[in-house]
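Structural features, examined
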Amino acid sequence: MKYELMIRSRAKSSESIVEKHSRFFSEFSKIPLPWGIGGADIPEPPDPGSNLGAGISISKLLGKGISGRVYYVYRRELEDLGMHDDFLDMSFNPEKVDYKQLVCEVLPTIIIAFNAYFVEVGDTEFCHVDFDAESAAGGDSRSRVYRIRPVFFLDNILCDRAFGLQPDVIARRIENYVEKVMFINNGIYTVANSQPLRFEEADKLCWELKRMITGTITSH
(Lines give C-alpha, C1' and ligand atoms only; values in the text may rest on other atoms or scores of the structure.)
Protein backbone atom coordinates (compact mmCIF):
# COMPACT_ATOMS: atom_id res chain seq x y z
CA MET A 1 0.00 0.00 0.00
CA LYS A 2 1.28 3.45 -0.90
CA TYR A 3 -0.24 6.77 0.14
CA GLU A 4 0.52 10.28 -1.06
CA LEU A 5 0.11 13.59 0.74
CA MET A 6 -0.26 16.55 -1.63
CA ILE A 7 -0.32 20.14 -0.41
CA ARG A 8 -0.89 23.01 -2.84
CA SER A 9 -0.36 26.71 -2.12
CA ARG A 10 -1.00 29.74 -4.31
CA ALA A 11 2.31 31.38 -5.07
CA LYS A 12 2.40 35.14 -4.55
CA SER A 13 4.56 37.63 -6.40
CA SER A 14 4.78 39.58 -3.14
CA GLU A 15 6.52 36.65 -1.41
CA SER A 16 9.77 35.45 -2.95
CA ILE A 17 10.85 31.82 -3.00
CA VAL A 18 13.49 32.59 -0.39
CA GLU A 19 10.96 34.26 1.90
CA LYS A 20 8.41 31.47 1.62
CA HIS A 21 11.03 28.77 2.02
CA SER A 22 12.38 30.41 5.16
CA ARG A 23 8.93 30.99 6.64
CA PHE A 24 7.76 27.45 5.97
CA PHE A 25 10.88 25.66 7.17
CA SER A 26 11.09 27.75 10.34
CA GLU A 27 7.87 25.96 11.36
CA PHE A 28 8.53 22.64 9.63
CA SER A 29 11.83 22.27 11.49
CA LYS A 30 9.90 22.31 14.79
CA ILE A 31 7.91 19.21 13.83
CA PRO A 32 9.69 16.10 15.12
CA LEU A 33 10.61 13.13 12.99
CA PRO A 34 9.26 11.32 11.09
CA TRP A 35 6.85 13.93 9.68
CA GLY A 36 9.01 17.03 10.15
CA ILE A 37 12.75 17.57 10.01
CA GLY A 38 13.10 17.60 13.78
CA GLY A 39 15.45 20.53 14.24
CA ALA A 40 17.76 19.67 11.35
CA ASP A 41 19.42 22.52 9.48
CA ILE A 42 17.08 24.20 7.05
CA PRO A 43 18.03 23.28 3.48
CA GLU A 44 18.95 25.98 1.02
CA PRO A 45 16.05 27.19 -1.13
CA PRO A 46 16.16 26.12 -4.78
CA ASP A 47 17.03 28.62 -7.48
CA PRO A 48 14.87 28.19 -10.60
CA GLY A 49 17.19 30.30 -12.72
CA SER A 50 15.42 30.72 -16.05
CA ASN A 51 13.15 27.70 -15.49
CA LEU A 52 9.46 27.83 -14.59
CA GLY A 53 10.18 26.60 -11.08
CA ALA A 54 12.47 24.49 -8.96
CA GLY A 55 12.24 21.98 -6.15
CA ILE A 56 14.29 20.14 -3.60
CA SER A 57 14.05 16.66 -2.14
CA ILE A 58 13.51 16.49 1.62
CA SER A 59 13.49 12.67 1.77
CA LYS A 60 16.79 12.45 3.65
CA LEU A 61 15.50 14.87 6.29
CA LEU A 62 12.30 12.95 7.01
CA GLY A 63 11.81 9.73 8.93
CA LYS A 64 12.41 6.24 7.61
CA GLY A 65 10.07 5.16 4.86
CA ILE A 66 8.89 8.69 3.99
CA SER A 67 9.95 10.52 0.85
CA GLY A 68 9.10 14.09 0.02
CA ARG A 69 9.86 17.20 -1.98
CA VAL A 70 9.03 20.90 -2.02
CA TYR A 71 8.53 22.81 -5.25
CA TYR A 72 8.30 26.55 -5.82
CA VAL A 73 7.11 28.22 -9.00
CA TYR A 74 9.13 31.10 -10.45
CA ARG A 75 7.75 34.46 -9.25
CA ARG A 76 6.99 36.18 -12.54
CA GLU A 77 3.71 36.82 -14.35
CA LEU A 78 1.77 34.66 -11.92
CA GLU A 79 -1.79 33.84 -12.94
CA ASP A 80 -4.68 32.39 -10.95
CA LEU A 81 -4.00 28.88 -12.21
CA GLY A 82 -2.81 25.66 -10.62
CA MET A 83 0.29 25.66 -12.81
CA HIS A 84 1.43 28.60 -10.68
CA ASP A 85 1.18 26.74 -7.38
CA ASP A 86 3.90 25.91 -4.91
CA PHE A 87 3.50 22.39 -3.60
CA LEU A 88 4.74 19.93 -1.03
CA ASP A 89 4.27 16.20 -1.39
CA MET A 90 5.16 13.11 0.62
CA SER A 91 4.86 9.39 -0.13
CA PHE A 92 4.77 6.55 2.38
CA ASN A 93 3.28 3.20 3.32
CA PRO A 94 0.56 4.11 5.84
CA GLU A 95 0.84 0.71 7.52
CA LYS A 96 4.49 1.31 8.41
CA VAL A 97 4.23 4.82 9.88
CA ASP A 98 2.13 6.56 12.52
CA TYR A 99 -0.58 7.61 10.10
CA LYS A 100 -2.96 8.83 12.81
CA GLN A 101 -0.28 11.15 14.17
CA LEU A 102 0.12 12.68 10.72
CA VAL A 103 -3.54 13.35 10.00
CA CYS A 104 -4.72 14.22 13.51
CA GLU A 105 -1.76 16.12 14.93
CA VAL A 106 0.84 17.14 12.36
CA LEU A 107 -0.95 18.02 9.15
CA PRO A 108 -2.91 21.03 10.46
CA THR A 109 0.39 22.67 11.43
CA ILE A 110 1.87 22.01 7.99
CA ILE A 111 -1.24 23.41 6.28
CA ILE A 112 -0.86 26.70 8.13
CA ALA A 113 2.91 26.86 7.71
CA PHE A 114 2.74 26.29 3.93
CA ASN A 115 -0.37 28.48 3.56
CA ALA A 116 -2.21 25.72 1.73
CA TYR A 117 -5.44 26.09 -0.18
CA PHE A 118 -5.80 22.40 -1.01
CA VAL A 119 -4.61 19.19 0.65
CA GLU A 120 -5.43 15.55 0.04
CA VAL A 121 -4.15 12.31 1.52
CA GLY A 122 -4.92 8.91 0.09
CA ASP A 123 -4.00 5.91 -1.99
CA THR A 124 -1.76 6.71 -4.97
CA GLU A 125 -3.93 4.35 -7.02
CA PHE A 126 -6.60 7.08 -7.12
CA CYS A 127 -4.39 9.09 -9.49
CA HIS A 128 -4.32 6.25 -12.03
CA VAL A 129 -8.01 5.39 -11.68
CA ASP A 130 -9.15 9.01 -12.00
CA PHE A 131 -6.82 10.18 -14.76
CA ASP A 132 -9.10 9.87 -17.79
CA ALA A 133 -12.32 10.97 -16.08
CA GLU A 134 -10.67 13.87 -14.29
CA SER A 135 -9.05 15.05 -17.52
CA ALA A 136 -12.39 14.84 -19.33
CA ALA A 137 -14.09 16.81 -16.55
CA GLY A 138 -11.74 19.72 -17.22
CA GLY A 139 -11.21 22.63 -14.89
CA ASP A 140 -8.20 23.64 -12.87
CA SER A 141 -6.91 22.63 -9.45
CA ARG A 142 -7.75 26.11 -8.16
CA SER A 143 -11.38 25.83 -9.20
CA ARG A 144 -12.48 22.18 -9.07
CA VAL A 145 -12.25 19.14 -6.82
CA TYR A 146 -12.83 15.85 -8.61
CA ARG A 147 -12.44 13.41 -5.72
CA ILE A 148 -12.92 14.05 -2.01
CA ARG A 149 -10.30 11.90 -0.31
CA PRO A 150 -10.61 10.47 3.24
CA VAL A 151 -8.39 13.31 4.51
CA PHE A 152 -8.70 16.71 2.85
CA PHE A 153 -8.39 20.47 3.26
CA LEU A 154 -10.10 23.11 1.12
CA ASP A 155 -9.82 26.83 1.77
CA ASN A 156 -12.83 29.10 1.49
CA ILE A 157 -11.97 30.23 -2.05
CA LEU A 158 -11.76 26.67 -3.37
CA CYS A 159 -14.92 25.66 -1.48
CA ASP A 160 -16.78 28.46 -3.25
CA ARG A 161 -15.32 27.84 -6.69
CA ALA A 162 -15.70 24.05 -6.63
CA PHE A 163 -19.03 23.70 -4.83
CA GLY A 164 -20.55 27.16 -4.42
CA LEU A 165 -20.39 26.63 -0.66
CA GLN A 166 -18.50 28.01 2.33
CA PRO A 167 -16.54 25.81 4.76
CA ASP A 168 -19.15 26.00 7.51
CA VAL A 169 -21.86 24.68 5.18
CA ILE A 170 -19.67 21.77 4.08
CA ALA A 171 -18.92 21.02 7.73
CA ARG A 172 -22.60 20.81 8.62
CA ARG A 173 -23.22 18.39 5.76
CA ILE A 174 -20.50 15.91 6.76
CA GLU A 175 -19.73 16.43 10.46
CA ASN A 176 -21.84 13.49 11.65
CA TYR A 177 -20.08 11.11 9.26
CA VAL A 178 -16.40 11.93 9.84
CA GLU A 179 -13.97 11.72 12.75
CA LYS A 180 -12.62 15.25 12.73
CA VAL A 181 -13.51 18.65 11.28
CA MET A 182 -11.41 21.77 11.90
CA PHE A 183 -11.61 25.32 10.60
CA ILE A 184 -8.04 26.43 9.90
CA ASN A 185 -6.27 28.72 7.43
CA ASN A 186 -9.59 30.11 6.16
CA GLY A 187 -10.84 26.66 5.25
CA ILE A 188 -12.06 23.25 6.36
CA TYR A 189 -9.80 20.36 7.33
CA THR A 190 -11.47 16.96 7.55
CA VAL A 191 -10.34 13.52 8.66
CA ALA A 192 -13.03 11.05 7.65
CA ASN A 193 -11.03 8.11 8.96
CA SER A 194 -7.70 8.28 10.80
CA GLN A 195 -6.84 4.68 9.90
CA PRO A 196 -5.42 3.60 6.53
CA LEU A 197 -8.14 2.15 4.32
CA ARG A 198 -7.88 -0.42 1.58
CA PHE A 199 -8.56 0.94 -1.88
CA GLU A 200 -12.12 -0.37 -2.29
CA GLU A 201 -13.24 0.93 1.10
CA ALA A 202 -11.54 4.29 0.58
CA ASP A 203 -12.99 4.64 -2.92
CA LYS A 204 -16.52 4.14 -1.63
CA LEU A 205 -15.95 6.65 1.17
CA CYS A 206 -14.60 9.28 -1.23
CA TRP A 207 -17.72 9.33 -3.38
CA GLU A 208 -20.06 9.18 -0.42
CA LEU A 209 -18.36 12.27 1.03
CA LYS A 210 -18.67 14.11 -2.26
CA ARG A 211 -22.34 13.13 -2.52
CA MET A 212 -22.98 14.56 0.94
CA ILE A 213 -21.18 17.80 0.08
CA THR A 214 -22.84 18.36 -3.27
CA GLY A 215 -26.21 16.86 -2.41
CA THR A 216 -26.23 14.97 -5.69
CA ILE A 217 -25.40 11.49 -6.94
CA THR A 218 -21.83 11.67 -8.22
CA SER A 219 -20.95 9.62 -11.27
CA HIS A 220 -17.39 8.35 -11.66
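Now for a quick tour of the structure. All figures in this text were calculated on a predicted structure; none of them were measured in a lab. (Residues numbered from 1 in each chain as written. Predicted model: local features only at pLDDT ≥ 70, side-chain atom pairs only at ≥ 80, totals over all residues. Heavy atoms only, no water.)

This part takes up the pattern of salt bridges. Here the structure, examined in full by the defined rule, presents 17 salt bridges. Among the salt bridges present, the one from D89 reaches R69, with a minimum N-O distance of 3.0 Å. In this pair, D89 sits in strand β4 (residues 85-92) while R69 sits in strand β3 (residues 67-73), placing the two residues 20 residues apart along the sequence. D89 sits in the buried class, given a relative accessible area of 7%. With a closest N to O distance of 2.8 Å, E95 and R198 form a salt bridge. On the criterion of sequence distance, the pair formed by E95 in the loop between β4 and α2 (99-114) and R198 in the loop between β8 (187-191) and α6 (199-214) is long-range, its members being 103 residues apart. A relative accessible area of 47% means that E95 is categorised as partly exposed. (Salt bridge = Lys/Arg side-chain N within 4 Å of Asp/Glu carboxyl O. Helix = DSSP H or I, 4+ residues; strand = E, 2+ residues; numbered from the N terminus. Buried < 20%, exposed > 50% of the residue type's maximum accessible area, 1.4 Å probe, protein only.)

This part is about helix α5 (residues 167-174). Listed as buried for α5 are P167, I170, A171 and I174. Buried residues of α5, seen end-on, are gathered within an arc of 105 degrees and therefore sit on one face of the element. As for α5, its buried residues are in contact with β6 (151-155), α4 (156-163), β7 (180-184), β8 and α6. (Arc of directions from axis to C-beta. Contact = heavy atoms within 4.5 Å.)

A distance of 3.0 Å separates polar atoms of two side chains, one belonging to D89 and the other to R69. With residues up to four places along the chain from it excluded, the contact list for D89 reads E4, L5, M6, S67, G68 and R69. (Polar contact = N/O pair within 3.5 Å; in protein donor to acceptor, adjacent residues only side chain to side chain.)

One can describe the packing of α5 onto α6 by two numbers: an axis separation of 8 Å at closest approach and a directional angle of 120 degrees. In terms of axis orientation, α5 runs oblique to α6. Where α5 crosses over α6, the handedness of that crossing is right-handed. Together, I170, R173 and I174 of α5 and L209, M212, I213 and T214 of α6 make up the contact between the two elements. Each residue belonging to the contact of α5 with α6 can be placed in one class, and the counts come to five nonpolar, one polar and one charged. (Axes fitted to C-alpha atoms, helices over the stretch in contact; angles between N-to-C directions. Parallel < 35°, antiparallel > 145°, perpendicular 65-115°, else oblique. Left-handed = near helix turned anticlockwise from the far one by under 90°. Nonpolar A, V, L, I, M, F, W, Y, C, P; charged D, E, K, R; others polar.)

We now examine the nonpolar core. F28, F92, L107 and I110 are the most contacted members of the largest nonpolar core, which totals 41 residues. Ranked by residues supplied to this core, first place goes to α2 with nine residues. In this structure, F92 is in contact with M1, K2, Y3, L5, W35, G65, I66, V97, Y99, L102 and V121, ignoring residues within four places of it in sequence. Counting residues in hydrophobic clusters, the runner-up holds 19 residues, among them F152, L158, F163 and I174. (Core = buried A, V, L, I, M, F, W, Y, C linked by side-chain atoms within 4.5 Å.)

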